[in-house]
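# Overview (structure and organization)
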Amino acid sequence: MFQEDYEKLTRGEQRQFEDAVNDLLYTCFIVRKSFDRATNVSKISPTYLFIERHYNLINDFVGFIGLDLVKDDQNGVIYLNSEEGRNRIRIDSVTTLLVYALRSYYEEKVSDNPSLTETYMDSTTLKMILRDKGLMKVNKRLSTNALASGLKTLATYNIIARAQHSFYDSSYSFYILPSIRYVISNSKMNALYDEVTKIAEGNESVASEFGI
């Protein structure tokens, strides 16, 4: 069935199919709308629209390698999921704390304005959030370079979108994308909150694993 449906696509659509599947495998998350630095405005992703149109075909294809294609219309996120957890990477403690801080901030902003799909943040606000949540005390390695490396990793997987300047500059800004909600589940967020609190008291380090 897959082969028959695939051959019904035009040559241009077949090239789009290849690009879309590669984007999915490389970034895991495809968001419907995100900030575009070239135009300084948020744009609808043509890859998202293509996957949406050919959802069943692409889902059949990734099913051959044990993956499921998941589409969340409300948040505008398409991602790959493996029930056996094969599409997961282990991240360092700094990136884990970044995810925790960004997810917390994102949920606060969306709670105030449910129509939001992406949330703006700059370097000053990020440092303030890390300090206010006590995360600077949890991990002494939250240096400028360590934060920049963690943010670069999150941008690679379409969890944030860089807006202005490099993450290694003294001042930068970015958008937190709705895909942040799938990096760590609510239950893991609660567990991480308890762990962060405990570690802050014992001054240990923290590391976690999330689904990419």
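It should be emphasised that the depicted structure is a prediction, and the values quoted were computed from it without experimental measurement.

Either a parallel or an antiparallel arrangement is found when strands of a sheet pair, and the pairing is made through backbone hydrogen bonds. Taken in spatial order, the three strands make up an open sheet running E1-E5-E4, and their pairing is antiparallel. Single-partner strands in this sheet number two, and they are strand E1 (29–31) and strand E4 (68–72). On average, adjacent strands in this sheet sit at an angle of 20 degrees to one another, irrespective of strand direction. Bridge count for E1 against strand E5 (residues 77–81) is three bridges, and the pairing is antiparallel. When the bridges of E5 are listed, Phe-29 appears paired with Tyr-79.

Right, let's get into the packing of aromatic side chains. In total, this model carries 13 aromatic pairs according to the counting rule given. Aromatic side chains Phe-17 and Phe-61 sit 5.5 Å apart centroid to centroid with 80 degrees between the ring planes, which places their arrangement in the edge-to-face category. Taken as a pair, Phe-17 in helix H2 (residues 11–27) and Phe-61 in helix H4 (residues 55–63) lie far apart in primary sequence, 44 residues in all. Residue classification places Phe-17 among the buried positions, given a relative accessible area of 5%. Owing to a relative accessible area of 30%, Phe-61 belongs among the partly exposed residues under this scheme. Of the aromatic side chains, those joined through ring pairs into one cluster are Phe-2, Tyr-6, Phe-17, Phe-61 and Phe-64.

Relative to strand E3 (residues 41–44), strand E2 (residues 33–36) is paired through four bridges, and the arrangement is antiparallel. For Lys-33, the partnering residue across the bridge sits in E3 and is Ile-44. Here E2 hands over to E3 after four residues, with Asn-40 in that stretch at a positive phi of 60 degrees.

The rules behind the values
As a convention, each chain's residues are numbered from 1 in the sequence order in which they are written. With the structure being a predicted model, the display of local features is reserved for residues of pLDDT at least 70 and the display and counting of side-chain atom pairs for 80 or more, all residues being used for whole-chain, interface and lining totals. Side-chain numbers come from the whole structure's heavy atoms, not from hydrogens or water. DSSP-based pairing: two strands are paired if at least 2 bridges between them are found. Secondary structure elements follow DSSP: runs of H or I no shorter than four residues count as helices, runs of E no shorter than two count as strands, and numbering proceeds from the N terminus. All axes here are fitted lines through C-alpha atoms, helices being fitted over the stretch that makes contact, and every angle between N-to-C directions spans 0 to 180 degrees. For Phe, Tyr and Trp, rings pair up if their centres lie within 6.5 Å, where Trp contributes its six-membered ring, and each pair is then called stacked (planes under 30 degrees apart), edge-to-face (over 60) or tilted (otherwise). Note on classification: 1.4 Å probe, protein chains only; a residue is buried when its accessible area is under 20% of the maximum for its type, exposed when over 50%, partly exposed between these limits.

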